Amino acid sequence: MARTTPLSVNYTVLKSALDQRFLILNSSVNKIIFISLVTLISLLFMYTFVPFNINRWYEDASKFDLFKIFSIFSLAGTFTLLLTQFGLRKWLRIEYLTYGQYFFWFLGEILILTFGIMGCDWLLNNHPDLSVSNYLDTFNYTILIAIPPYVISLLILFGAQQYKLAHNLSLVATEHKALSDNLLIGDENGKIILTLHPNNVLFFKSEDNYVDVHYLLGGEVKTELIRTTLKKIESTCSYSGLIRVHRSYTINIKTVSSSKKTHKGYVLQFDPLPDLQIPVSASHQKQFEQYLSSTSSTFPFTPL
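Here's a quick rundown of the structure.

Quick notes on the rules
- Residues numbered from 1 in each chain as written.
- Predicted model: local features only at pLDDT ≥ 70, side-chain atom pairs only at ≥ 80, totals over all residues.
- Heavy atoms only, no water.
- Buried < 20%, exposed > 50% of the residue type's maximum accessible area, 1.4 Å probe, protein only.
- Helix = DSSP H or I, 4+ residues; strand = E, 2+ residues; numbered from the N terminus.
- Pairing = 2+ DSSP bridges.
- Axes fitted to C-alpha atoms, helices over the stretch in contact; angles between N-to-C directions.

Describing the pairing of strand E11 (residues 265-270)
As a general feature of sheets, a regular strand has side chains that alternate between the two faces.
Phase 1 of the analysis: The element E11 is extensively covered by neighbouring structure, given that 6 of its 6 residues are classed as buried.
Phase 2 of the analysis: Bridge count for strand E10 (residues 258-262) against E11 is 5 bridges, and the pairing is antiparallel. Looking across to E11, one finds that Lys261 is bridged to Tyr266.
Phase 3 of the analysis: In textbook terms, the turn of a hairpin is the stretch between consecutive antiparallel strands, and for E10 and E11 this stretch comprises 2 residues.
Phase 4 of the analysis: By the bridge criterion, 3 bridges tie E11 to strand E12 (residues 273-279) in an arrangement that is antiparallel. Looking at the pairing, Val267 lines up with Pro279 of E12.
Phase 5 of the analysis: Once E11 ends, the chain turns through 2 residues before running back antiparallel as E12.

If you want it as structure tokens, here you go:
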């Protein structure tokens, strides 16, 4: 049996990571944002830190100040990225790159950019010799200056991508939670017959071995007769707004419009059914009054 060494495990993990798709720069919008960020950050980076004492390279170029010189170099990078991201990728029909492939793609962009920087330098610096040695020196300077803007821009895009992903997951979770908050009303065998949002439920009325569900749909009162019992509905619907007020009635306290105290007890009314009065029986009156006093500020009906 072959033994697995830490080195082989690390190699496997690294290879798996490098073989993953690098999707940050797959969309045109992200490419444009990336190119804009690299241009801006590279300009600010060079102007702030003046790497490799670049300011001394162009002391004789009096017609250009340092900011203009750095702007020219940054624009060279802009045109290089436009060429590679929109031109070469389309020409080579590259749909996506892996992380490993993108590393070599980055090196290729720097090789192309070095030619652009050498061209700018040739125009600005009294036409220096265009030699292999000069190209290699320019390549070293270019890649060291390019790495910070590249890394920062990619991190910004990666962060935005993760934020968008987290936001989408949050929306899915919220939507799932909203769906799970619905009342699942089933028959005596547990088969779901109705799925209702609590705000649309009015009341349940017992009819022998059936329950008549009264609910709102499109602003109109609908009814559904289901073979079940009030006790089963109350046990399966985990919703605090459902209250038994009578042997034959379980109401949704949040959709009650008004409660009225009479000499026989309370009667409840609903706006969609103004002619209907549901009684609170004597056996449930005390419990209803306690519930009414403890939650009167929470629910939108007014005791009369």
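Some words on the sheet that holds strand E6 (residues 210-217)
Phase 1 of the analysis: With antiparallel pairing, the 5 strands of this open sheet are ordered in space as E7-E6-E5-E9-E8. On the outer flanks of this sheet lie strand E7 (220-226) and strand E8 (242-246), each paired with one strand and no other. Between one strand axis and the next, the sheet turns through 20 degrees on average, direction left out of account.
Phase 2 of the analysis: Across 4 bridges, the pairing between E8 and strand E9 (residues 249-252) is antiparallel. Residue Ile243 lies in a different strand from E9, and its bridge partner there is Ile251.

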